[in-house]
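What follows is each chain in one-letter form.
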Amino acid sequence: MIIGYARTSTLEQVAGFEVQVTQLKENGCTKIYSEQVSSVAERKQLEEALEFTREGDVFMVTKLDRLARNTQHLLQITQRLEEKGAALRVLDLGLDTATPTGKLMLTMLGAIGQFEREIMLERQRDGVARAKDEGKYKGRAPKARAKKGEVLALLNQGLTKEATARQLGIGVASIYRMLKDSPKNVSS
């Protein structure tokens, strides 16, 4: 059986998500697990797909970065598949771990991908530091504090902090910070 896994980091990446699912189907996947979640978050569908995989199966993804967050994670997934007697196939690389060359290439590409990501993050940190030094970077604008009036009004109406946070799309911790900064007549 060919088992597919598709993932995007955010719900806004609908087009990329649909493309992955289509490619997996076109390449013979009979069962596809998919989710829209960050690679560092808990990925329930990935776990279910790996648990479902059996001896002789092929576990397929469209791109390596859709599967693993770093080389260590990639090697853990590959080892789990190997222990089950299953192979990993990465479509955009034409890579198949059913062969010794495929296993070697997977490890090398995973390491190169992690190196590229670390270099990119280093450049980003350098750029932010430079922009801060030049007074051009102020950080992200606070969004929750802009809703302070609404927060206080809802709390005064008797809503709980949790319900207020849900209704306004902000964190409960933000509400506690607002209340700490301005303890007004709030009943909650």
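Data block above holds the structure.
Quick caveat: nothing in here was measured; it's all calculated off a predicted structure.

**Student:** Explain the overall build of the protein chain to me, and be specific about the residues and the numbers.
**Tutor:** If you tally the helices and strands in the protein chain, you get seven helices and five strands. Walking the protein chain from its N terminus toward its C terminus, one meets helices and strands in the order β-α-β-α-β-α-β-β-α-α-α-α. Taken over C-alpha atoms, the radius of gyration comes to 23 Å for the protein chain, far larger than the 16 Å a tight globule of 188 residues would show. Dimensions along the principal axes, computed over C-alpha positions, put the protein chain at roughly 70 × 45 × 30 Å. A total of 188 residues make up the protein chain; the buried ones form 33% of that total. Here the contacts in the protein chain between residues at least 6 apart in sequence split such that 61% fall between residues at least 24 apart. In the structure as shown, the protein chain presents an accessible area of about 11,800 Å², 52% of it carried by carbon and sulfur atoms.

**Student:** Let's hear about the packing of aromatic side chains: which residues, and what values?
**Tutor:** Per the stated rule, a full pass over the model turns up one aromatic pair. Ring centres 6.1 Å apart and planes at 55° place the aromatic pair tyrosine 33 and phenylalanine 52 in the tilted group. Of the two residues, tyrosine 33 sits in strand E2 (residues 31-36) while phenylalanine 52 sits in helix H2 (residues 44-52), which places them 19 residues apart along the sequence. The side chain of lysine 31 reaches across the aromatic face of phenylalanine 52, ending 5.3 Å from its centre.

**Student:** Which residues make up the pattern of salt bridges, and what are the values?
**Tutor:** For the coordinates displayed, the defined rule picks out five salt bridges. Two residues, arginine 80 and glutamate 47, come together in a salt bridge whose shortest N-O distance is 3.0 Å. In this pair, arginine 80 sits in helix H3 (residues 71-84) while glutamate 47 sits in helix H2, placing the two residues 33 residues apart along the sequence. Overall, arginine 80 belongs to the partly exposed group, its relative accessible area being 25%. A salt bridge links aspartate 96 to arginine 89, with the shortest nitrogen-to-oxygen separation between them at 3.4 Å. A cluster of three or more residues bridged by salt bridges with shared partners is formed by Glu47, Glu51 and Arg80.

**Student:** Now, about the packing of helix H6 (residues 161-168) against helix H7 (residues 172-181): what can you tell me, with residues and values included?
**Tutor:** H7 packs onto H6 with a crossing angle of 115° between their chain directions and a minimal axis gap of 8 Å. Between H6 and H7, the angle is such that the two are roughly perpendicular. Along this stretch, H6 crosses H7, giving a crossing that reads as right-handed. Mapping the contact onto sequence places Lys161, Glu162, Thr164 and Ala165 in H6 and Val172, Ile175, Tyr176 and Leu179 in H7. Counted by class, the contact of H6 with H7 contains five nonpolar, one polar and two charged residues.

**Student:** Explain the packing of H2 against H3 to me, and be specific about the residues and the numbers.
**Tutor:** In a packed pair of helices, the relevant descriptors are the angle between the two axes and the axis-to-axis distance. Look at H2 against H3: their axes get within 10 Å of each other, and the N-to-C directions meet at 25°. Relative to H3, the element H2 lies roughly parallel. Between H2 and H3, the residues in contact are Leu46, Glu47, Leu50 and Glu51 and His73, Ile77, Arg80, Leu81 and Lys84, respectively. Grouping the amino acids of the contact of H2 with H3 by side-chain chemistry returns four nonpolar, one polar and four charged.

**Student:** Which residues make up the pairing of strand E1 (residues 2-8), and what values go with them?
**Tutor:** If a strand is regular, its side chains alternate between the two faces of the sheet. Along E1, six of the seven residues are buried, which leaves the element largely enclosed by surrounding structure. As defined by bridge partners, E1 adjoins strand E3 (residues 58-61) across three bridges and the pair is classed as parallel. In the sheet register, glycine 4 faces E3, and the bridge partner there is methionine 60. Strand direction decides the pairing type here: E1 and E2, joined by six bridges, are parallel. Each bridged residue has a counterpart across the sheet, and for alanine 6 the counterpart in E2 is serine 34.

Here is what the cut-offs are and how they apply
- Sequence order as written defines the numbering, with residues in each chain counted from 1.
- Where local features are concerned, this predicted model is filtered to residues with pLDDT of at least 70; where side-chain atom pairs are given and counted, the filter is 80 or more; whole-chain, interface and lining totals use all residues.
- In computing side-chain values, all of the structure's heavy atoms are included and hydrogens and water are not.
- A run of H or I in DSSP becomes a helix once it reaches four residues, and a run of E becomes a strand once it reaches two; helices and strands are each numbered from the N terminus.
- For the radius of gyration, the atom set is restricted to C-alpha positions; the globular benchmark scales as 2.2 Å times the number of residues to the power 0.38.
- Exposure categories follow from relative accessible area, calculated using a 1.4 Å probe and restricted to protein chains: below 20% of the type maximum is buried, above 50% is exposed, and the middle band is partly exposed.
- It only takes one pair of heavy atoms within 4.5 Å for two residues to be counted as in contact.
- Values of accessible area rely on a 1.4 Å probe in the Shrake-Rupley scheme; residue burial ignores everything except the protein chains shown.
- Stacked, tilted and edge-to-face are the three classes applied to pairs of Phe, Tyr and Trp rings, where Trp contributes its six-membered ring and a pair requires centres within 6.5 Å; stacked means planes under 30 degrees apart, edge-to-face means over 60, and tilted covers the rest.
- A positively charged side chain is recorded as over a ring if its NZ (Lys) or CZ (Arg) lies within 6 Å of the ring centre. The angle to the ring normal must also be within 35 degrees.
- Any carboxyl oxygen of Asp or Glu that lies within 4 Å of a side-chain nitrogen of Lys or Arg is treated as forming a salt bridge with it.
- An axis is simply a line fitted to the C-alpha atoms; with a helix, the fit covers only the stretch in contact. Between two such axes, the angle follows the N-to-C directions and lies from 0 to 180 degrees.
- Geometric relationships in this document are graded by angle, where less than 35 degrees denotes roughly parallel, more than 145 denotes roughly antiparallel, 65 to 115 denotes roughly perpendicular, and other angles denote oblique.
- When the near helix sits turned anticlockwise from the far one by under a right angle, the crossing is termed left-handed; a clockwise turn instead gives a right-handed crossing.
- Each residue gets one of three labels, nonpolar for Ala, Val, Leu, Ile, Met, Phe, Trp, Tyr, Cys and Pro, charged for Asp, Glu, Lys and Arg, and polar for the others, Gly among them.
- Between any two strands, at least two bridges found by DSSP are needed for them to pair.

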